[in-house]
Amino acid sequence: MLIAGGPDLGGGSLADKRDRLACDHAALCRGIVDEPRGSEALVGAMIVPASDPTCVAAVIFFNTVGVLGMCGHGTMGLARTLAHLDRIGVGSHRIETPVGVVEVTLRQDGMIEVMNVAARRARTRVTVEFGGIGIDGGVAVGDVAWGGNWFFITEAPVGVALDRHNSERLTRDAWEIRGALARAGVVGDDGCEIDHIEFTAPAIREDCSWRNFVLCPGGAYDRSPCGTGTSAKLACLAADGKLLAGDRVGAESFVGTRFEAWYDRREGAIIPTIAGRAWITAELDLILDDADPCCFGIRR
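What counts, and at which threshold
Residues numbered from 1 in each chain as written. Predicted model: local features only at pLDDT ≥ 70, side-chain atom pairs only at ≥ 80, totals over all residues. Heavy atoms only, no water. Salt bridge = Lys/Arg side-chain N within 4 Å of Asp/Glu carboxyl O. Buried < 20%, exposed > 50% of the residue type's maximum accessible area, 1.4 Å probe, protein only. Phe/Tyr/Trp six-rings, centres within 6.5 Å; stacked < 30°, edge-to-face > 60°. Helix = DSSP H or I, 4+ residues; strand = E, 2+ residues; numbered from the N terminus. Expected span 1.5 Å × (residues − 1). Pairing = 2+ DSSP bridges.

Draft legend 1. Inspection of the pattern of salt bridges at higher detail. Counted by the stated rule, this structure contains 14 salt bridges. As a salt-bridge pair, Asp207 and Arg205 come within 2.8 Å of each other at their nearest N and O atoms. Among the residues examined, Asp207 registers a relative accessible area of 35% and is labelled partly exposed. According to the relative accessible area criterion, Arg205 is partly exposed, its value standing at 31%. Each of Arg107, Asp109 and Glu113 takes part in one network of salt bridges that share partners.

So, in C-alpha cells, the structure goes:
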C-alpha cells in the first residue's frame, strides 16, 4: 500500500489518474510488486486524494502486468491501513475506485465489509474451445460476469480437485481458456478483455457454499476468495435464482481462506457485499536506486 511519496497524477477523474499511472509510471508499479520486492501474487495499491467529497480516500490498484479496476481483498487492506493511520475508525466510509465508489464498514469485531459496485452477469453458458488438454477435451462452458473486473466463471476441470497439488494444471487450463476467449472475441460489455478466470467447486469448509480458483491477469492464482470474483459469482447465482437478496453465504479460496458474502437489490441492480479480515504486516520505506539493475523489478 503506497501511502505517500507517489507520483503526481494530475487532475481529472480517477480513471484518468489510473491511466496516467499505467502509462507514465509503470516502472514504479513494477518496482513495488515485481521481484525482488514482490511477486506475481501481489496486488499493489496507491492511495490518492478523492475527487468525491463524500469519500475518505481514493485508490488505484495494480499488479505485475498493469492496473486493475477494483480489488476486494485490497480494499479490505486499504481500510485496515487507513484505520492504522488513524484516518478512519469503526463505522462506514466511502472509498473512490476507478470503477465507482464502494463503501467499507469497520466492525467492532474486526471484520471489514466491502459494499462493492453493482455486479452483473453479461452472458450465460458461453462455450469456448481451446487447444490444450484440459476441461472435457478442450471445451469450457461458463458465464461472463462483472464484479469490478471481468470474469469467466466455469466449473472446475472434471476429476481435478481445487487444491494446491493441482495448481500447475489449474493454472495451465485457466490460461488456455483466457487465450481461447480472446481468440473467439468473447469480451466484456465494454469491449474489455476478460482477464480473470474462475473455477468453482463444492466447498471443503463447512461454513462455505463453494470453493474457487481464480487466475489473475499476471498468471498467479488469488490467495483470497477474490472479492470481485465473489461479487461476480453472486450476480450469477442471483440471475439463476439460486441465492436470494440478503442471504449470506461463505466463499472459500483455493488456499482455504473465507469471505462472507451477500447482496442487495437497488433499482434492479445487484449490489454485492463481501466481508473478511486484514492485518498490518509491515511498515517500510521504499528505496529506488537507479544504479540497481533490479530497481524496477525483474521481468519474466
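Draft legend 2. Main features of the packing of aromatic side chains. All told, the structure shown has five aromatic pairs when counted by the stated rule. Both rings, one in Phe199 and one in Phe213, keep their centres 6.0 Å apart while their planes meet at 25 degrees; by these two values the pair is stacked. Pair noted here: Phe199 is in strand S10 (residues 196-201) and Phe213 is in strand S11 (residues 210-215), with a separation of 14 residues, a long-range link. The residues Phe199 and Phe213 share a single accessibility class, namely buried. Plain terms: the ring middles of Phe213 and Tyr221 are 5.6 Å apart, the flat faces sit at 40 degrees to each other, and that makes the pair tilted.

Draft legend 3. Spotlight on helix H5 (residues 227-239). Helix length check: H5 (13 residues) gives 18 Å between terminal C-alpha atoms against 18 Å at 1.5 Å per residue, within 8%. Within H5, twelve of the 13 residues are buried, leaving the element largely enclosed by the surrounding structure. Within H5 the residues assigned to the buried category are Gly227, Thr228, Gly229, Thr230, Ser231, Ala232, Lys233, Leu234, Ala235, Cys236, Leu237 and Ala238. Among the residues trailing H5, Gly241 stands out with phi positive, at a value near 70 degrees.

Draft legend 4. Molecular detail of the pairing of S11. The element S11 is largely enclosed, with a buried count of six among its six residues. What you see with S11 is no split at all: Trp210, Asn212 and Val214 on one side and Arg211, Phe213 and Leu215 on the other are buried throughout. Bridging between S10 and S11 involves five bridges; their strand directions are antiparallel. Residue pairing in the sheet places Ile197 in a bridge with Leu215 of S11. The pairing of S11 with strand S12 (residues 249-252) spans two bridges and is parallel. Paired with Arg211 across the bridge in S12 is Glu252.

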